[in-house]
Amino acid sequence: MNHFEYKNGVMHVEQVPMGTIAQAVGTPVYVYSTATLERHVRVFQEALAPLPDPLVAFAVKANPNAAVLATLARLGLGADVVSAGELRRAVAAGIEPGKIVFSGVGKTADEMRLALDLGIFQFNLESEQEAEMLSEIALSMNKVAPVAYRINPDVDAGTHEKISTGKSENKFGIPYERAIASYDRAAQLAGLDVQGVAIHIGSQLTDLTPLALAFEKLGVLIEDLRDEGHDIRTADLGGGLGVPYDSSLPVPPLPAIYGEMVKRIVQDWNVRMVFEPGRVIVGNAGALLTEVIRVKQGATQPFVIVDAAMNDLLRPSLYDAWHDIRAIKPRGKQTSATVVGPVCESGDTFAKNREMDVVQAGDLLAFMTAGAYGATMANTYNSRALTPEVLVSGDKWAVVRQRPPIETLIEGDIIPDWVR
Ligand code: LLP
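As a starting point, this report considers the structure included with it. (Residues numbered from 1 in each chain as written. Predicted model: local features only at pLDDT ≥ 70, side-chain atom pairs only at ≥ 80, totals over all residues. Heavy atoms only, no water.)

Section: the overall build of the protein chain
Next, step 1: The number of helices and strands found in the protein chain is twelve helices and 21 strands.
Next, step 2: Its C-alpha atoms give the protein chain a radius of gyration of 23 Å, within 12% of the compact-globule value 22 Å for 420 residues.
Next, step 3: With the C-alpha coordinates aligned to their principal axes, the bounding extent of the protein chain is approximately 70 × 60 × 40 Å.
Next, step 4: Of all 420 residues assigned to the protein chain, the portion counted as buried reaches 55%.
Next, step 5: Just so you have it, the protein chain exposes about 18300 Å², and 51% of that area is on carbon and sulfur atoms. (Helix = DSSP H or I, 4+ residues; strand = E, 2+ residues; numbered from the N terminus. Rg over C-alpha atoms; globule rule 2.2 N^0.38 Å. Buried < 20%, exposed > 50% of the residue type's maximum accessible area, 1.4 Å probe, protein only. Areas by Shrake-Rupley, 256 points an atom, 1.4 Å probe, with all protein chains shown as cover.)

A word on the side chain of asparagine 2
Next, step 1: One can find asparagine 2 in the segment before β1 (4–7).
Next, step 2: A polar contact of 2.9 Å, which involves the side chain of asparagine 2, links it to the backbone nitrogen of phenylalanine 4.
Next, step 3: Leave out the neighbours within four places in its chain, and asparagine 2 touches Thr36 and Asn284. (Polar contact = N/O pair within 3.5 Å; in protein donor to acceptor, adjacent residues only side chain to side chain. Contact = heavy atoms within 4.5 Å.)

Re the environment of tyrosine 32
Next, step 1: Tracing the chain through its elements places tyrosine 32 in strand β4 (residues 29–33).
Next, step 2: For the pair tyrosine 32 and valine 400, spaced 368 residues apart in the sequence, the C-alpha separation amounts to 9.8 Å.
Next, step 3: Only 3.4 Å separates the side chain of tyrosine 32 from the side chain of asparagine 63, close enough to count as a polar contact.

Regarding unusual backbone geometry
Next, step 1: In this structure, the amide linkage connecting threonine 27 to the following residue, proline 28, adopts the cis form with an omega of -5°.
Next, step 2: Positionally, proline 28 belongs in the loop between α1 (18–25) and β4.
Next, step 3: With an omega of 5°, the peptide bond running from alanine 49 to proline 50 counts as cis.
Next, step 4: Residues other than glycine seldom take positive phi values, yet glutamine 204 does so here, at roughly 55°.
Next, step 5: Within the secondary structure, glutamine 204 is located in the loop between β11 (192–198) and α8 (209–227).
Next, step 6: What makes glutamine 204 buried here is its relative accessible area of 14%.

Focus on the sheet that holds strand β2 (residues 10–13)
Next, step 1: Strand order in the open sheet formed by three strands is β1-β2-β3, and the pairing between neighbours is antiparallel. The strands lining the two open edges of the sheet, one partner per strand, are β1 and β3 (16–17).
Next, step 2: Examined bridge by bridge, β2 and β3 share two bridges and lie antiparallel to one another. From the neighbouring strand, valine 13 faces β3, where its bridge partner is valine 16. (Pairing = 2+ DSSP bridges.)

A look at the site of the ligand
Next, step 1: In the vicinity of the ligand lie 18 residues, with Ser203, Glu276, Arg315, Tyr319 and Tyr373 positioned nearest.
Next, step 2: Within the side chain of lysine 61, one N or O atom sits 3.3 Å away from an oxygen atom of the ligand.
Next, step 3: Separating a nitrogen atom of the ligand from a side-chain N or O atom of tyrosine 319 is a distance of 2.8 Å.
Next, step 4: Summarising the interface, the protein chains cover 92% of the accessible area of the ligand, which totals 590 Å² for the free molecule.
Next, step 5: Taken together, the residues that form the shell around the ligand break down as six nonpolar, six polar and six charged.
Next, step 6: Two domains each put at least three residues into the shell around the ligand: domain 1 (4–32 + 283–412) and domain 2 (34–281). (Near = heavy atom within 4 Å. Nonpolar A, V, L, I, M, F, W, Y, C, P; charged D, E, K, R; others polar. Domains from an automatic or database assignment.)

Remarks on the packing of α8 against helix α9 (residues 255–266)
For any two helices packed against each other, the geometry comes down to the angle between their axes and how far apart the axes lie.
Next, step 1: In the contact formed by α8 and α9, the axes pass within 10 Å of each other and the chain directions differ by 20°. The angle between the axes of α8 and α9 places the two elements in the roughly parallel class. Where α8 crosses over α9, the two elements pack in a sense that is right-handed. Contact residues: α8 offers Leu211, Ala212, Phe215 and Glu216, while α9 offers Tyr258, Met261, Val262, Arg264 and Ile265.
Next, step 2: Classifying every residue of the contact of α8 with α9 by side-chain character gives seven nonpolar, no polar and two charged. (Axes fitted to C-alpha atoms, helices over the stretch in contact; angles between N-to-C directions. Parallel < 35°, antiparallel > 145°, perpendicular 65-115°, else oblique. Left-handed = near helix turned anticlockwise from the far one by under 90°.)

Structure follows, in structure tokens:
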């Protein structure tokens with residue numbers, strides 16, 4: 001459910017006509033709805049009740065915009081970060097360090113120092129080498145680092161190959177079979193407080209079976225670790241819950257169903273539960289607004305050429321991802337067309353032979369469900385400016401990231417004297 005709705009034949013985001021934003025800010029532009037963010041946080045929190053004091057750590061990578069993070073901070077969320085940049089952004093937006101989990105396979109010494117300085121909730125370690133490095137750094141700072149190991153359960157998440165993370169051949173986590181040995185070693189390291197277990201098997205999961213399987217394996221491991229004398233007090237189940245992208249397909253399991261499954265499995269774990277949802281919080285809270293530059297009749301089909309491109313929204317070209325495409329002012333007729341951007345690659349295609357509203361040059365379109373992994377993955381390929389972002393709340397709206405002038409691209413480069 002989201003707050004992008006037609007009123008009198010025109011798409012609004014909450015109470016603001018999308019066209020108003022396009023006119024003021026230009027296109028392409030990401031548009032986010034505060035009401036949808038609030039709703040998704042509430043639905044996720046309600047799905048977890050009555051778990052005692054779960055930590056919901058929003059996966060910042062899904063949408064690191066400061067205004068979005070500040071909105072989520074106000075609603076009580078923590079953060080799951082994977083770099084110093086994300087950590088600093090989360091803290092700058094008002095997320096308490098005590099609610100921050102640091103994930104990722106390649107944390108550097110500098111990143112560890114920063115996180116120790118800030119006093120984060122937990123480091124999710126992904127190798128024994130990392131454990132040793134963190135312990136040394138913590139000791140040198142007279143601190144003890146709260147840690148969990150991320151376990152690789154060797155479970156196939158059944159999602160796109162590029163966003164599957166829980167198979168043994170993936171780079172993530174420590175092997176399930178080595179877990180006890182890794183915990184025994186970590187327990188010897190004076191700079192670590194080994195407090196928990198963590199898992200994250202992939203993203204955009206539309207079937208709960210692999211998640212349930214992975215969580216059950218984690219439950220067995222918690223028992224085994226306790227039998228070995230490890231004091232396990234936290235369990236982080238990661239993120240991964242899928243969202244509806246294609247409105248003609250059945251909707252993925254709702255957070256409430258996910259919550260039931262989780263509660264059934266973890267009821268006797270006796271730990272503080274941690275969750276790292278990303279997409280399910282922000283996905284449907286955002287749309288990418290774009291203008292049709294022209295419609296060109298190709299040899300086999302019409303091409304709708306829009307002013308957004310793969311640099312603005314990478315998901316279709318990277319994962320063959322589907323985004324619903326809607327006219328802001330539908331003309332009342334449907335057609336089949338291929339929607340492309342101006343970038344010079346055939347991969348710059350948003351949709352092939354898509355049944356969609358008939359459009360003309362100058363019409364506005366929205367790529368729906370673009371709030372997660374949209375703006376955050378934008379880049380400047382083809383020397384296009386980074387995509388601006390707008391946040392709406394009721395009848396208020398504000399630019400929360402400006403479109404940088406193209407000069408910043410040119411001025412950023414340096415031509416050494418010896419080249420001139
Ligand atoms: N926790 C960890 C350790 C993660 O690596 C991720 C996502 C999450 C949580 C959040 O997962 P979510 O709830 O959003 O599924 N760019 C891709 C998605 C990459 C996901 C990477 N990790 C896409 O556009 O589909």
